[in-house]
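Coordinate inspection notes
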Amino acid sequence: MERSKSKFLFDFLPESTFNHSESDLSGMITRLHEDRDDSGNAAADELPDEYIIRRVQRHINRWYNGDQLDFGFETAEVVTPGAANFEVFPRTFKCGNCGTVNQFTPTEIRDFPENNDNVPCERCGNGLSDRDQMRMISYCRCGGIQDIYVPEHCGAGMEYRNPTVRYEDAYWRCTNPGCSYTDRFDGGSVCFNPDCDGTDITTLPHSASSTFYPQTQTLINAHQNLNALQDNEEYQAQIVSDYLLRNTDAGGPSEDELLGAAMELMANGEVTDREDAIELARTRLTADSTEHRKQTKQFLRETFDDIEQLRLSEELFEYLSVINDDYDDADRIETYTFQSLLAEEATESHLSTDELEKYVQLRNEHDFSEVRLIRNFPVTTVTYGYTRGTPIPGGDGDDTKGPRLNSFSSGQWAETQIFARTMDAEAVMVSLDKQAVLEWLATNEVIETAAVDDVDRWFIERLVSPSRFDKLPAEWTPARHAFTLLHTLSHLFIDSIGALSGYGRDSLVEHLLPRTMSFIIYKRPDTNFTLGSIFSLFEERFPEVLNQLEESAFCTYDTICRRDHNGACEDCLFLSNITCANSNNNLSRAPYFGGGFDERAVVGFRGEYNSP
């Protein structure tokens, strides 16, 4: 089956169902094949397999059956899919001639619909077509999926009837002309999976979202050198130290810091030549990186355990990949900030100096330390398993056991497969001014004072990066407030970009870097749309993007949304699971716009207060 190769990471995975694009037939993916180049080399060879497997292992442990899955280095392989096999599914057909519902085995229907003579109706012999396929399936939260149950009576076959659109009103009727037997429709009450002892069977159209949830992770700038990150304390300390120093050269400042300091020197009259200003700024900003890395290593040992330190270094690595050329191994990421466009003499931007100065002023007025436009943003999507019924470990409500996580493999005794592909996207990264965030926290009495010795280190120590399904405790804590502010603002930007660019919500994805108080919004690489639209939007209509943010200050369902849902609901902030990195947890309009948050009134980051 030919499909866009990126689709295999989202829509066409083993055990998922789909509607065939060239017919009315539905099917199920049975196997994905490895993508190889013309020389026979696997596309996954360039991916850091050990790094990916270890990242997956941390997520596997969240599932109740995680210890039953085999994701070891010797038994799991990272594969970039390039082609797929499928079989007809569901295998239930309703004859258009006599109405009898037929069920077939995979062998009986393998060649359908090329030769309709091979699949005649079992009652009248009429050839069945793809339009006769019934689209209902039954699934269990253990991961099992099966055809609906068709009862028997008189040996003449059964007809499915539904006078309304509700399954509750559907029933079976015997097709024997002399029989009036009917039976209530029941898609299936027992799971056929031999490993399942439950009866949690649900009948739905096969295309319903709850029938298949892929479990994915997103990695930024994943390359072979990252395999060394997991156990290398020196490398982890180097990353954290480089973040604190914003290295471009050893011990040097970041591009924005360098350009900003140089412009300040020229504005103060200390230097008139641009190159001399940059060199003087570099001298004043450069620190002793070797000694700083030693101090950072000690700081990490005293502050974090091994796993927390690893997660911190992974997050900061992704941030540095965007702002620091030394962390862009393949030299593929192309980025600009308004500050760099303003300072560069030879610029690709068509914006005038006055326009760029206005953009920088607007950025500062909104307390953003940086707005960075990114071309060729390397996103690695990793899919390591699937669930049915719910995507959340532990299930919903009182269900503490939850769904079973199922892994992928190409056969019963084959290795566990993790599917991964790196694709380039276009993106924008927005960073909040951390000092402004501290002042906002102090204004709302979350912290005592905004005066701290090392702002970056303060956020490293106190902010957390919750997993996709984590809700931060509602206590009055800096992490809860700062992360909710960041996550909410990310959703506001997604809505703003979608409204002005024409992108649908599912076409945009967020990536959160809370310890840096940054978020990245990028276009899903597997969706089709004109490239460059995000880049052009921020370059040409940045004031409109900011104005559009204000449209979300109020919700259609206020005051209920503010009073009962903490200022976040489907109408104002919620996005799809594809788009949201935190499954719509830790959201509220109050931290940004002001209002009631966690049963207290807060002043918004915008300096306003809206009463609930």
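Heads up: the structure comes first, above all this text.
Residues numbered from 1 in each chain as written. Predicted model: local features only at pLDDT ≥ 70, side-chain atom pairs only at ≥ 80, totals over all residues. Heavy atoms only, no water.

**Focus: the overall build of the protein**
On a plain count of helices and strands, the protein comes out with 14 helices and 21 strands. Against the globule reference of 25 Å for 612 residues, the protein gives a C-alpha radius of gyration of 28 Å, in line with a compact fold. Counting over 612 residues, the protein shows a buried share of 55%. When contacts within the protein are restricted to residue pairs at least 6 apart in sequence, long-range pairs at least 24 apart make up 69% of them. Working note: accessible area of the protein is about 27400 Å², and carbon and sulfur atoms make up 42% of it. Between the averaged position of the 54 positive side-chain charges in the protein and that of its 105 negative side-chain charges there is a distance of 5 Å. (Helix = DSSP H or I, 4+ residues; strand = E, 2+ residues; numbered from the N terminus. Rg over C-alpha atoms; globule rule 2.2 N^0.38 Å. Buried < 20%, exposed > 50% of the residue type's maximum accessible area, 1.4 Å probe, protein only. Contact = heavy atoms within 4.5 Å. Areas by Shrake-Rupley, 256 points an atom, 1.4 Å probe, with all protein chains shown as cover. Lys, Arg positive; Asp, Glu negative; His and termini not counted. Charge placed at Lys NZ, Arg CZ, Asp CG, Glu CD.)

**Considering the packing of aromatic side chains**
Between two aromatic rings, the relevant description is the distance of the centres plus the angle of the planes. For the structure shown, the criterion picks out 24 aromatic pairs. The interplanar angle of 85° and the centroid separation of 6.1 Å between the aromatic rings of Phe 299 and Phe 304 together place this pair among those described as edge-to-face. On the basis of relative accessible area, Phe 299 is assigned to the buried category, the value being 7%. Note on Phe 304: relative accessible area 12%, which makes it buried. On the numbers, 4.9 Å between centres and 80° between planes, the contact of Tyr 592 with Phe 593 is edge-to-face. Among the residues examined, Tyr 592 registers a relative accessible area of 0% and is labelled buried. The exposure class assigned to Phe 593 is buried, which follows from its relative accessible area of 1%. Every member of this aromatic cluster is reached through a ring pair, and the members are Phe 338, Tyr 359, Phe 368, Phe 493, Phe 519, Phe 538 and Phe 542. (Phe/Tyr/Trp six-rings, centres within 6.5 Å; stacked < 30°, edge-to-face > 60°.)

**Notes on the side chain of Gln 309**
Its location among the elements puts Gln 309 in helix α6 (residues 306-323). Side chain to side chain, Gln 309 and Gln 236 meet in a polar contact 2.9 Å long. Once residues lying within four places of it in the same chain are set aside, the contact partners of Gln 309 are Glu 233, Gln 236, Leu 300, Arg 301 and Phe 304. (Polar contact = N/O pair within 3.5 Å; in protein donor to acceptor, adjacent residues only side chain to side chain.)

**Focus on the layout of surface pockets**
Taken as a whole, the second largest pocket encloses approximately 1100 Å³ of empty space. Taken together, 37 residues line the second largest pocket, and the ones lying closest to its centre are Glu 15, Tyr 386, Asn 406, Ser 407 and Ser 409. Elements with a contribution of two residues or more to the lining of the second largest pocket: β2 (26-34), β8 (145-147) and β16 (408-409). The element best represented in the lining of the second largest pocket is β8, accounting for three residues. Counted by class, the lining of the second largest pocket contains 16 nonpolar, 14 polar and seven charged residues. (1 Å grid on protein atoms, 1.4 Å probe; cavity = no way out; pocket = protein on both sides within 12 Å on 5 of 7 lines; lining within 4 Å. Points joined across faces, edges and corners; volume = space filled by probe spheres on them. Nonpolar A, V, L, I, M, F, W, Y, C, P; charged D, E, K, R; others polar.)

**Topic: helix α12 (residues 533-549)**
Along its 17 residues, α12 runs just 18 Å from first to last C-alpha, ending more than 12% under the 24 Å computed at 1.5 Å per residue. By the largest-angle criterion, Arg 541 marks the main kink of α12, which is about 95°, and a proline, Pro 543, follows within four residues. Among all positions of α12, only Ser 533, Ile 534, Phe 535, Leu 537, Phe 538, Glu 539, Phe 542, Pro 543, Val 545, Leu 546 and Leu 549 are buried. (Expected span 1.5 Å × (residues − 1). Bend = angle between axes of the 7 residues up to and from the residue.)

**Looking at the sheet that holds β2**
Read across the open sheet, the three strands follow the order β1-β2-β4; overall the sheet is antiparallel. One side of each edge strand has no neighbouring strand; the edge strands of this open sheet are β1 (17-19) and β4 (81-88). Strand-to-strand twist of the sheet, defined as the mean angle between neighbouring strand axes without regard to direction, takes the value 50°. (Pairing = 2+ DSSP bridges. Axes fitted to C-alpha atoms, helices over the stretch in contact; angles between N-to-C directions.)

**What about the environment of Asp 200?**
If you trace the backbone, Asp 200 turns up in the loop between β11 (182-184) and β12 (201-205). Note on Asp 200: relative accessible area 40%, which makes it partly exposed. Considered as a pair, Asp 200 and Pro 403 are 203 residues apart in the sequence and their alpha carbons are 10 Å apart.

**Some details on the packing of helix α2 (residues 233-245) against helix α10 (residues 455-462)**
Direction vectors running N to C along α2 and α10 enclose 135°, while the axes themselves pass 9 Å from each other. Taken together, the axes of α2 and α10 lie oblique to each other. Considering only the axes of α2 and α10, their crossing is right-handed. The segment α2 lies against α10, with Val 240, Tyr 243 and Leu 244 engaging Asp 456, Arg 457 and Ile 460. When its residues are assigned to classes, the contact of α2 with α10 shows four nonpolar, no polar and two charged. (Parallel < 35°, antiparallel > 145°, perpendicular 65-115°, else oblique. Left-handed = near helix turned anticlockwise from the far one by under 90°.)

**Remarks on the pattern of salt bridges**
Summed over all chains, the structure comprises 28 salt bridges. Notably, a salt bridge pairs Glu 275 with Arg 274, separated by 3.1 Å at the nearest N-O pair. Since its relative accessible area comes to 47%, Glu 275 is described here as partly exposed. The partner of Asp 558 in a salt bridge is Arg 562, and the shortest N-O contact between them spans 3.8 Å. For Arg 562, a relative accessible area of 8% puts it in the buried group. The network of salt bridges with common partners includes Glu 50, Arg 54 and Asp 231. (Salt bridge = Lys/Arg side-chain N within 4 Å of Asp/Glu carboxyl O.)

**Brief notes about the nonpolar core**
If you look at the biggest cluster of nonpolar residues, it comprises 65 residues, and the most contacted ones within it are Leu 432, Val 437, Phe 493 and Phe 538. Among the elements that make up this core, the one with the highest residue count is helix α11 (residues 478-501) (ten residues). Ignoring any residue separated from it by four or fewer positions in sequence, one finds Leu 432 in contact with Asp 367, Phe 368, Ser 369, Val 437, Leu 485, Leu 486, Leu 489, Met 517, Phe 519 and Phe 605. The next biggest cluster of nonpolar side chains, apart from the first, holds 52 residues, and it includes Ile 60, Val 78, Leu 310 and Phe 317. (Core = buried A, V, L, I, M, F, W, Y, C linked by side-chain atoms within 4.5 Å.)

**Concerning a negative patch on the surface**
Together, Asp 37, Asp 38, Asp 45, Glu 46 and Asp 49 make up a region of like negative charge exposed at the surface. Position of Asp 45 among the secondary structure elements: in the loop between β2 and α1 (49-60). (Patch = residues over 30% accessible without salt bridge, like charges linked within 9 Å, V, L, I, M, F, W, Y side chains within 5 Å.)

**A look at the sheet that holds strand β9 (residues 158-161)**
Taking strand neighbours across the sheet as the criterion, the three strands line up as β9-β10-β11 in an open arrangement whose pairing is antiparallel. The open sheet has two free edges, formed respectively by β9 and β11, since each of these has just one partner strand. Ignoring which end each strand starts from, the neighbouring axes of this sheet average 25° apart. By the bridge criterion, three bridges tie strand β10 (residues 171-174) to β11 in an arrangement that is antiparallel. The partner of Arg 173 across the bridge, within β11, is Thr 182.

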